[in-house]
Amino acid sequence: MFTVSTHRNFLRSMSLTATASVTVLLAACGGGTGNASYSIDSAGNLTSASATTKLANGSTQTTTVSSTPSTTGTTTTTGTTTTTPAPTTTTPAPTPTAPAPTTTTPPPTTTTPAPAPTTSTAPKPFGQAGTFTLTFQDEFDSWNTAKWNDTIWYEASNPTKNYTVSNGALKIWPQRDATGKFFNRTIDTDGKYYQTYGYYEIEAKLPIGKGTWPAFWLFNHIGTRRPEIDVMEAYAGGGPASGWSDANLHPTAYAPTVWIDAGRLAGTKTILTSDLSAAFHKYAVKWEANKQTFYFDGREVYTLTVAMPDPMYIMLDLWYGSASGQPDNTTPTGIGNSYEVNYVRAWKLG
């Protein structure tokens, strides 16, 4: 509340006094921006005034003034100032936003399935029915010294190389050694694999040339005894008249032969064939307690009743002589004229 006194005479005599009073009113309101209005009576007296001001601090202030003339010539003016505080705008603190759940997608798990167990079916004798258990096998993927020797027991190994394992086959070829002579090569399992009875099979292609004498046999040297089963032995000498080869000395026959002991022949038979150097053929024997049956490409070609109870080992060889005669300068040498064996397999019966 405040009181402003003015002289009526002054207000009456000069109308600008009203404006001045309003200015005083605005000043009383504390300054700022706003508007004012006032009334003056017919005598020139200020009867009322009001002002609304927006102060610098943002508050709104309203002041009203009224004037009552007195008999003494003095006008008393009363006024009221009301201050409305500036609206407080409270910006609420941002509501904490819960972080979006972090979804971690684990990298896809790649499970490599364990390889399925390899089911290996043991080979069966070619063309045979019945039960057989594989006991020896060499497919000649490499040369295996755990299975094979490269010489017969009574000779030293000739250092001249005339055998190898190549392209899945054992190859033995005619060759002269350092002395200029053709020499025998024997590959056998002596001391490494023996068996009594069973089924024995090879797949082979034979060399050509005078003197060549390839063979596949079962053998043992037991003291002075020499039991022997020749599953295949072929000759390439003697010309067509011999029945063993053609004019170009390609083998066209072979003979299964059984020896109970050295010098005791149990039986033999000549099997006439096509050229055995032109393609691979299967040679086999089924050795039982009292019988031996020989097969050529799965076909039975010879049966012999004989008891051979001694264990024997496997032999593959390329020798010279016998019905083939002796090799000479016409005999092809080198790996291109090999006794080639694709595999050797043996089974127990039943």
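Residues numbered from 1 in each chain as written. Predicted model: local features only at pLDDT ≥ 70, side-chain atom pairs only at ≥ 80, totals over all residues. Heavy atoms only, no water.

Visitor: Provide a residue-level description of unusual backbone geometry, including the pertinent values.
Guide: Within the chain, Y197 stands out as a residue other than glycine whose phi angle is a positive 70°. Along the polypeptide, Y197 turns up in the loop between β9 (185–188) and β10 (198–205). Not every positive phi belongs to a glycine, and S322 is a case in point at roughly 55°. Mapped onto the secondary structure, S322 falls in the loop between β20 (313–320) and β21 (339–349). Using a relative accessible area of 51% as the deciding quantity, one classes S322 as exposed. (Helix = DSSP H or I, 4+ residues; strand = E, 2+ residues; numbered from the N terminus. Buried < 20%, exposed > 50% of the residue type's maximum accessible area, 1.4 Å probe, protein only.)

Visitor: Residue-level account of the sheet that holds strand β12 (residues 228–233), with values.
Guide: In any sheet, the strands associate via hydrogen bonds between backbone groups, in a parallel or an antiparallel arrangement. Reading across from one edge, β9-β20-β11-β12-β14-β15 is the order of the six strands in this open sheet, with antiparallel pairing throughout. On the outer flanks of this sheet lie β9 and β15 (264–268), each paired with one strand and no other. Between one strand and the next, the sheet's axes are offset by a mean angle of 20°, whatever the strand orientation. The pairing of β9 with β20 spans four bridges and is antiparallel. When the bridges of β20 are listed, R185 appears paired with L318. (Pairing = 2+ DSSP bridges. Axes fitted to C-alpha atoms, helices over the stretch in contact; angles between N-to-C directions.)

Visitor: Break down the confidence of the model for the protein chain for me, citing the residues and quoting the values.
Guide: The share of residues in the protein chain with pLDDT of 70 or more is 65%, and the mean pLDDT across the chain is 81. Below a pLDDT of 50 lies the segment residues 70–77, which in the model reaches 26 contacts outside its immediate sequence neighbourhood of four places, other chains included. (pLDDT = per-residue confidence, 0-100. Contact = heavy atoms within 4.5 Å.)

Visitor: Break down the nonpolar core for me, citing the residues and quoting the values.
Guide: Membership of the largest hydrophobic core comes to 43 residues, with the highest contact counts inside it found for F216, Y283, L316 and Y339. Grouped together as the second largest cluster of nonpolar side chains are 12 residues, F219, A253, A255 and Y313 included. (Core = buried A, V, L, I, M, F, W, Y, C linked by side-chain atoms within 4.5 Å.)

Visitor: Please set out the pattern of salt bridges residue by residue, giving values where relevant.
Guide: Enumeration according to the criterion identifies six salt bridges in this entry. Put simply, D150 and R185 hold a salt bridge, and the shortest N to O gap is 3.8 Å. One end of the pair, D150, is in the loop between β6 (132–138) and β7 (163–166); the other, R185, is in strand β9, with 35 residues separating them in the sequence. Classification of R185 by relative accessible area gives buried; the value is 1%. For the salt bridge of E340 with K205, the shortest nitrogen-to-oxygen distance reads 3.8 Å. In this pair, E340 is assigned in strand β21 and K205 in strand β10, connecting sequence segments 135 residues apart. Among the residues examined, E340 registers a relative accessible area of 16% and is labelled buried. (Salt bridge = Lys/Arg side-chain N within 4 Å of Asp/Glu carboxyl O.)

Visitor: Provide a residue-level description of the pairing of β7, including the pertinent values.
Guide: Residues Y163 and V165 of β7 are buried on one face, while the alternating residues T164 and S166, pointing to the opposite face, are not. In the sheet, β7 pairs with strand β8 (residues 169–172) via four bridges, with the strands oriented antiparallel. Looking at the pairing, T164 lines up with K171 of β8. If you look at the hairpin formed by β7 and β8, you'll find two residues sitting between the two strands, and N167 has a positive phi there, around 55°.

Visitor: An account of the side chain of T186 is requested, with residue identities and associated values reported.
Guide: Inspection of the secondary structure assignment puts T186 in strand β9. Given the relative accessible area of 3%, T186 is considered buried. Within polar-contact distance, the side chain of T186 engages the side chain of W319 at 2.9 Å. In contact with T186, other than residues within four places in its own chain, are N149, D150, T151, I152, M315, L316, D317 and W319. (Polar contact = N/O pair within 3.5 Å; in protein donor to acceptor, adjacent residues only side chain to side chain.)

Visitor: Tell me about the packing of aromatic side chains, and name the residues and values.
Guide: If you walk through the whole model with that rule in mind, you get 23 aromatic pairs. A ring pair is formed by W213 and W319, whose centres lie 6.0 Å apart and whose planes are at 80°; its orientation type is edge-to-face. In this pair, W213 is assigned in strand β11 (residues 212–219) and W319 in strand β20, connecting sequence segments 106 residues apart. For the residue pair W213 and W319, the accessibility class agrees, reading buried in each case. Arranged with centres 5.7 Å apart and planes meeting at 25°, the rings of F294 and Y302 form a pair that is stacked. Each of the two residues, F294 as well as Y302, counts as buried. Three or more aromatic residues joined by ring pairs form one cluster here, namely W153, Y154, Y194, W213, W217, F219, Y235, W244, Y313 and W319. Here the basic side chain of K147 rests over the ring of F136, its NZ or CZ set 5.5 Å away from the ring centre. Its guanidinium or amino end placed over the ring of F126, K282 lies 4.7 Å from that ring's centre, counting from NZ or CZ. (Phe/Tyr/Trp six-rings, centres within 6.5 Å; stacked < 30°, edge-to-face > 60°. Lys NZ or Arg CZ within 6 Å of the ring centre and 35° of its normal.)

Visitor: Before we move on, could you go through the environment of Y295 and cite the residues and values that matter?
Guide: Inspection of the secondary structure puts Y295 in strand β18 (residues 291–296). The exposure class of Y295 is buried, given its relative accessible area of 9%. The spatial distance from the C-alpha of Y295 to the C-alpha of V231 is 8.7 Å, given a sequence separation of 64 residues. Those residues in contact with Y295 that lie beyond four places of it in its chain are Q128, Y199, Y254, K282, Y283, A284, K286, E300 and V301.

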